[in-house]
Amino acid sequence: MFSKQHPFWTRVAGITTLGLVLGVAPMIAADRPPKVGAGTGTETGTETGTDSETGYGQEAPLIVAHRAGTADYPENTREGIRGSLEDGADALWITVQLSRDGVPVLYRPIGLDEKTNGTGTVAEKTVAELTALNAGWNFRPRGSEETPYRDAPALLPTLRQALADIPADRLLFLDLKQADPVPLADAVVAVLRDAERTENTVIYSTDAAASGRARDAGDVQVAEDRDVTRKRLLDIALAHECEPPPAAGTWMAFEDRRKITVSETFTSGTTKSEVEVTPWDREAVRCIDPTDRVNLMAIGVADAERYRDLARVGVDAVLVDSPRDAVSWKYGHSR
């Protein structure tokens, strides 16, 4: 199981980013003591730096490439995986569905025509049919109308193929998406076991049936169910109620910004209001993770200022569409 005691936290300190070998993980002034394993530039725990005002440092949140860097490369492709890792992403988040003949493949939307040169759905096609499709068919680089991957296809990959491009010690999140989630969860667990990749892999799903099935396997790490995390965060934000945190090492992920509808009932009737909340704040982190035992991820972080805010309150990772941009938030360099 991946946890804050895992060597990954010390390994992050030495990753190569933007062509520069960085000797230590960046430190950001924090609202609370550093994470277990943070503030170390070597395996022996040498302190790398502290904030002059607080007296301690805070390791910067991990940069997680959403769908393998959907803003920079065709999403959920080997090209995206390789490119995002080269760009400096600390971890990867990829989306998995199941082919008609039971093979886990990387793809997100329901319709194949949205991203590929095919039609129909993943569940209707065999793995042979799916892996012949160009998953970069409709990809356009930002600010361009060009479709460069039509001449250089980014083929739709299987999960097994994707694992071949991801170092075994690199943190990986698998987002399970399927109308019938139980067979998908079973197939994903089987691939992870066969490839000996149950370590450093976290299964996530918006479907409790998928995450529950994976959790029953017993040898893979599964993030807290999304609905449970949502309720925790809303209870904190709206009622200031604090439930006991999950087991140590558990990952919890939810949007950094979320529009919700608040319904109020009065004598004269019901009023509904649309509001936007930012659930990952100081109160939420201190409530959910008072002793820094669990792992918190903010989904959809879009700028450097918000990244620094989340670092200060103690969020562990941010899910971003462009790791190419986000590494500059972390290390202070520009491409």
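Note that the structure is a prediction, hence the values are computed from the model and not measured.

### Structural notes on the packing of helix α5 (residues 181-194) against helix α6 (residues 208-217)
- With their axes 8 Å apart at the nearest point, α5 and α6 run at an angle of 40° to one another. Where α5 crosses over α6, the handedness of that crossing is right-handed. Along the contact surface, α5 presents Pro 181, Val 182, Ala 185, Asp 186, Val 189 and Arg 193, while α6 presents Ala 209, Ala 210, Arg 213, Ala 214 and Ala 217.
- Grouping the constituent residues of the contact of α5 with α6 by class yields eight nonpolar, no polar and three charged.

### A short note on the environment of Thr 250
- Note on placement: Thr 250 falls in the loop between α7 (226-239) and β11 (251-255).
- Sequence separation between Thr 250 and Gln 221 is 29 residues; the distance between their C-alpha atoms is 7.8 Å.

### Quick notes on the pairing of strand β5 (residues 62-66)
- In terms of residue burial, β5 counts as a mostly covered element, since five of its five residues are buried.
- Burial of β5 is two-sided: the residues Leu 62, Val 64 and His 66 facing one way and the residues Ile 63 and Ala 65 facing the other way are all buried.
- Of the strand pairs in this sheet, β5 and strand β15 (residues 317-320) are connected by four bridges, and their pairing is parallel. The partner of Leu 62 across the bridge, within β15, is Ala 317.
- Relative to strand β6 (residues 91-98), β5 runs parallel, the two sharing three bridges. Bridging across to β6, Val 64 finds its partner in Ala 91.
- In this region the chain leaves β5, passes through helix α2 (residues 78-87) and returns to the parallel neighbour β6; the handedness of that crossover is right-handed.

### A word on the state of the cysteines
- If you walk through the whole model with that rule in mind, you get one disulfide.
- In this model Cys 242 forms its disulfide with Cys 287; the gap between the sulfur atoms is 1.9 Å. Every disulfide takes its handedness from the sign of the S-S torsion; for Cys 242 and Cys 287 that torsion is 120°, giving right-handed. Residue Cys 242 is found in the loop between α7 and β11, and its partner Cys 287 is found in helix α8 (residues 282-288); the two are separated by 45 residues along the sequence.

### Things to note about the packing of aromatic side chains
- By the definition in use, this model includes five aromatic pairs.
- Between Phe 139 and Tyr 149, the aromatic rings sit 5.8 Å apart at their centres with planes inclined by 75°, giving edge-to-face as the arrangement. Taken together, the residues span a long stretch of sequence, with Phe 139 in the loop between α3 (127-130) and α4 (159-163) and Tyr 149 in the loop between α3 and α4 at a distance of 10 residues.
- Given a relative accessible area of 17%, Tyr 149 falls into the buried group.
- Seen from their ring centres, Tyr 307 and Trp 329 are 6.0 Å apart, and the 50° between their planes marks the pair as tilted. On the criterion of sequence distance, the pair formed by Tyr 307 in helix α9 (residues 304-313) and Trp 329 in helix α10 (residues 323-331) is long-range, its members being 22 residues apart.
- Taken together through their ring pairs, the aromatic side chains of Trp 93, Phe 173, Tyr 204 and Trp 251 make up a single cluster.

### Focus on the pattern of salt bridges
- Enumeration according to the criterion identifies 23 salt bridges in this entry.
- Arg 108 is paired through a salt bridge with Glu 114; the nearest N and O atoms lie 3.7 Å apart.
- For Arg 312, the salt bridge goes to Asp 309, with nearest N and O atoms at 3.3 Å. Taken together, the residues Arg 312 and Asp 309, both in helix α9 and three residues apart, mark about one turn of the helix.
- A relative accessible area of 29% places Asp 309 in the partly exposed class.
- Taken together, the shared-partner salt bridges connect Arg 67, Glu 75, Arg 108, Glu 114 and Lys 115 into one network.

Rules used in this analysis
Residues numbered from 1 in each chain as written. Predicted model: local features only at pLDDT ≥ 70, side-chain atom pairs only at ≥ 80, totals over all residues. Heavy atoms only, no water. Axes fitted to C-alpha atoms, helices over the stretch in contact; angles between N-to-C directions. Helix = DSSP H or I, 4+ residues; strand = E, 2+ residues; numbered from the N terminus. Left-handed = near helix turned anticlockwise from the far one by under 90°. Contact = heavy atoms within 4.5 Å. Nonpolar A, V, L, I, M, F, W, Y, C, P; charged D, E, K, R; others polar. Buried < 20%, exposed > 50% of the residue type's maximum accessible area, 1.4 Å probe, protein only. Pairing = 2+ DSSP bridges. Right-handed = clockwise from strand over helix to strand, strands pointing away. Disulfide = S-S within 2.5 Å. Phe/Tyr/Trp six-rings, centres within 6.5 Å; stacked < 30°, edge-to-face > 60°. Salt bridge = Lys/Arg side-chain N within 4 Å of Asp/Glu carboxyl O.

Everything listed here is a matter of coordinates, which is why it stays silent on function.
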